Amino acid sequence: MATQTTASCTGSTLLQPISDIINLPLDQVNFVACQLFALLMAVWFRLYLHPSKTSPFIRHVVATLLGFYLALFCFGWYSLHFLVQSGLSYGVMVFAGLERMHRYCFIVTMGYLIICQITRVYVFDYGMYSADFTGRMPSLLEYLSYNCNFMGILAGPTCSYNDYMAFIEGTCYEPRHQENANGKENGKYKQSEPSPKNDVISKLCTCALSLAVYLSLCKLLPVEHSIDDDFISSTPFHLQVVYLYLAMLALRPKYYFVWTLADAINNAAGFGFNGYNKDGSPRWDLISNLRILDIESATSFKSFLDNWNIQTSLWLKRVCYERCPINPTAATFMLSAMWHGVYPGYYLTFVTGIAMTMAARAVRNNIRPYFLVSDSHKRIYDVITWAATQVAISYTVVPFVLLAVGPSLKFYWSWYFCLHLLCLLVVLALPVKKRRREVKGQTYSLQKERQQDNQNEHNCTDNNCNQKDKTS
């Protein structure tokens, strides 16, 4: 395999001619090629390495080796970081006690992540392409397979270890209500192993549409144009707002393409089954990372975030929000910024996100009840909050796209920091309900449920009944 160490790509140069022909960066061509290869391998993996035909050991080995190959093809020597980080975490798990294992793992992996992000940005080349670092006692093979399998090594999504092991061992397809209260089969939902074919095809169609929209609009509506001096001086403010919304609308299909393709790859391999609907049809959304319609129709800042990068959001909620004793909202946003990297734009975005979340919460608690008196009033409220949410999201994530401090502050200054000031006024003027007691209560309840689930785990035949006790 040929590799290069230029500033643009550290992976294979095999597809450089294709990159030159279609005029796309080599790293992006490598990524798409590897994901398409992974899709084919996923189908093969499900058909020929099915749990009924081979052992979990073979499935672990093949998934891991394919993952390493894809990482090497895309990232070259950078793929060593996957091994180093996994090795450090596994070492902590071996030598640390069970009571403190999770704390030490978190400190070690986040520390390694931050060091890698600093070297990525400041030691090598600011803005260069490189690997994007993202952070029970298994065997070493099981742990490497979980972290480095070919289905998720390039684009995720995050999944729980228990879900992954159930997939490898073939125990994730048990239908709901297979037995009645007397222990006899009632047959109501008893079905053969579900096929992901329809869901995979649907998700691939979503990928194709998302990619077509992104390639058609991304160069027509660049976010960077919003800080162009001529644009700022000659364009009325309301049209600047419209342009920013359209620019962000044109940017999001890139993420829709990447995450939906990753979901389709996992589904094609047989991973992602999430039980059955009431009509008996299978659900393949266990590790889905976004809900596009809910994102585009979100009427609150929280609703938008809840449907965007879902698996990472759930991880942040479990690791930080439910455990942080002081201001869990701010702590969660800052941890998310650290997880993404060390570009200043990330921190500007997530600090702004804290203000937006607090203001949106205050508005919802104090103003929304007045619009619930009738359906017509509720629809008016939904339209207003939809528009406000889309503008707020677009305003917040500009630094995330621009990355650097100068351009980000230039954008906010061109808007006179108006939404920052508005959030401050809303928070000061409207009372905000204390949420810490509620969170503590939810955490205590969650712990009790986990204990109960652990007691019932061996007797449970419902694929969905142990969602709360799963660990990542």
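By convention here, each chain's residues receive numbers from 1 onward along its written sequence. pLDDT decides what is reported in this predicted model: residues at 70 or higher carry local features, side-chain atom pairs at 80 or more are listed and counted, and totals for whole chains, interfaces and linings draw on all residues regardless. For the side-chain quantities, the full set of heavy atoms in the structure was used; hydrogens and water were omitted.

Colleague: How would you summarise empty space enclosed by the protein if you had to cite specific residues and measurements?
Modeller: A cavity here means a set of 1 Å grid points, computed over protein atoms only, where a 1.4 Å probe fits but cannot escape. A pocket is an open set with protein on both sides within 12 Å along at least 5 of 7 lines, and lining residues have an atom within 4 Å of a point. Grid points are joined across faces, edges and corners, and a volume is the space filled by probe spheres set on the points. Counted as a void, the largest cavity has a volume near 30 Å³. Forming the walls of the largest cavity are R46, H50, P51, R59, F167, Y173, A269 and G270. Of the residues that constitute the lining of the largest cavity, the class distribution is four nonpolar, two polar and two charged. When residue character is reported, Ala, Val, Leu, Ile, Met, Phe, Trp, Tyr, Cys and Pro are called nonpolar, Asp, Glu, Lys and Arg charged, and the others, Gly included, polar.

Colleague: Summarise the side chain of T312; cite the residues concerned and give the values.
Modeller: Mapping T312 onto the fold places it in helix α13 (residues 310-321). Contact criterion: two residues are considered in contact whenever any of their non-hydrogen atoms come within 4.5 Å of each other. Those residues in contact with T312, other than ones at most four positions away along the chain, are T158, N289 and W339. Runs of H or I in DSSP of at least four residues are treated as helices and runs of E of at least two as strands, each being numbered from the N terminus.

Colleague: How would you summarise the packing of helix α14 (residues 328-340) against helix α15 (residues 344-366) if you had to cite specific residues and measurements?
Modeller: Every axis corresponds to a line fitted to the C-alpha atoms, with the helix fit spanning only the stretch in contact, and the corresponding angles, defined between N-to-C directions, vary from 0 to 180 degrees. For the pair α14 and α15, interaxial distance at closest approach is 9 Å and the crossing angle is 155 degrees. On the basis of their axis angle, the class for α14 and α15 is roughly antiparallel. Along this stretch, α14 crosses α15, giving a crossing that reads as right-handed. Note on element contacts: α15 touches α14 through Y346, Y347, F350, V351, G353, I354, T357 and R361, opposite T329, A330, F333, M334, S336, A337, M338 and H340. When the residues that make up the contact of α14 with α15 are grouped by side-chain class, the tally is ten nonpolar, five polar and one charged. Put simply, angles under 35 degrees are roughly parallel, angles over 145 are roughly antiparallel, angles from 65 to 115 are roughly perpendicular, and the rest are oblique. Take the far helix as your reference; a near helix turned counterclockwise from it by less than a right angle gives a left-handed crossing, and one turned clockwise gives a right-handed crossing.

Colleague: Lay out the packing of aromatic side chains in plain terms, naming residues and giving numbers.
Modeller: Here a pair means two rings of Phe, Tyr or Trp (six-membered ring of Trp) with centres within 6.5 Å. Their orientation is stacked below 30 degrees between planes, edge-to-face above 60, and tilted elsewhere. Scanning the model with the defined rule gives 34 aromatic pairs in all. Centre to centre, the rings of Y245 and W386 are 6.1 Å apart; their planes meet at 75 degrees, and the pair counts as edge-to-face. Residue Y245 is located in helix α10 (residues 237-268), and its partner W386 is located in helix α16 (residues 375-402); the two are separated by 141 residues in the primary sequence. When a residue's accessible area, from a 1.4 Å probe over protein chains only, is under 20% of the maximum for its type it is buried; when over 50% it is exposed; and in between it is partly exposed. A relative accessible area of 31% means that W386 is categorised as partly exposed. Here the aromatic rings of Y255 and W259 are separated by 5.8 Å at their centres, their planes lie at 45 degrees, and the arrangement is tilted. Of the two residues, Y255 and W259 both sit in helix α10, four residues apart, roughly one turn of that helix. Given the relative accessible area of 25%, Y255 is considered partly exposed. Three or more aromatic residues joined by ring pairs form one cluster here, namely F237, Y395, F411, Y412, W413, W415, Y416 and F417.

Colleague: An account of the pattern of salt bridges is requested, with residue identities and associated values reported.
Modeller: One side-chain nitrogen of Lys or Arg within 4 Å of one carboxyl oxygen of Asp or Glu is enough to make a salt bridge. What the rule picks out here adds up to seven salt bridges. With a shortest N-O distance of 2.9 Å, R252 and E296 are connected by a salt bridge. Taken together, the residues R252 in helix α10 and E296 in helix α11 (residues 292-296) connect sequence positions 44 residues apart. Among the residues examined, R252 registers a relative accessible area of 6% and is labelled buried.

Colleague: Now, about unusual backbone geometry: what can you tell me, with residues and values included?
Modeller: Negative phi values dominate among residues other than glycine, just as trans dominates among peptide bonds. With an omega of 5 degrees, the peptide bond running from G156 to P157 counts as cis. Tracing the backbone shows P157 in the loop between α6 (140-148) and α7 (161-169). Even without a glycine there, the phi angle at N23 is positive, about 60 degrees. On the secondary structure map, N23 appears in the loop between α1 (16-22) and α2 (26-48). We classify N23 as exposed; its relative accessible area is 57%. We note that F417 has phi near 50 degrees; this positive angle belongs to a residue other than glycine.

Colleague: Go over the UniProt feature "transmembrane region" (unreviewed entry) in the protein, please, and point to the residues and values.
Modeller: UniProt positions are given in the numbering used here, feature names are shortened, and annotations may be inferred rather than shown by experiment. Using the residue numbers shown here, the UniProt feature "transmembrane region" (unreviewed entry) corresponds to residues 29-49, 61-81, 101-123, 345-363, 383-405 and 411-432. In residues 29-49, the share of helix is 95% and the share of strand is 0%. The end C-alpha atoms are 29 Å apart. Between the C-alpha atoms that bound residues 61-81 there is a distance of 19 Å. The span itself is 81% helix and 0% strand.

Colleague: Got a sec to walk through the nonpolar core? Specific residues and values, please.
Modeller: Put simply, a nonpolar core is a bunch of buried Ala, Val, Leu, Ile, Met, Phe, Trp, Tyr and Cys residues held in one set by side-chain atoms that sit within 4.5 Å of each other. Counting 51 residues, the largest nonpolar core has F45, F150, L154, Y164 and F167 as its most contacted members. Of all the secondary structure elements, the ones that give two or more residues to this core are α2, α3 (56-75), α6, α7, α8 (197-217) and α10. In terms of domain composition, this core takes at least three residues from each of domain 1 (14-173) and domain 2 (195-285). Setting aside residues no more than four positions away along its own chain, Y164 makes contact with H60, A63, S145, Y146, N149, M151, C159 and F271. Formed by 32 residues, the second largest nonpolar core is a distinct cluster that contains Y214, A247, W259 and V398. As annotated, the domain borders come from an automatic or database domain assignment.

Colleague: Explain the packing of α15 against α16 to me, and be specific about the residues and the numbers.
Modeller: Close contact between α15 and α16 brings their axes to 7 Å; oriented N to C, the two are set at 160 degrees. It follows from the interaxial angle that α15 and α16 lie roughly antiparallel. α16 is crossed by α15, and the crossing has right-handed handedness. Across the interface between the two elements, G345, Y346, L348, T349, F350, T352, G353, M356 and R364 of α15 pack against Y381, A392, Y395, T396, V397, P399 and F400 of α16. Along the lines of polarity and charge, the residues of the contact of α15 with α16 split into ten nonpolar, five polar and one charged.

Colleague: So what about α6? Which residues, and what values?
Modeller: Listed in full, the buried residues belonging to α6 are Y143, L144, S145, Y146 and C148. Those residues of α6 that are buried are in contact with α3, α4 (80-95) and α7.

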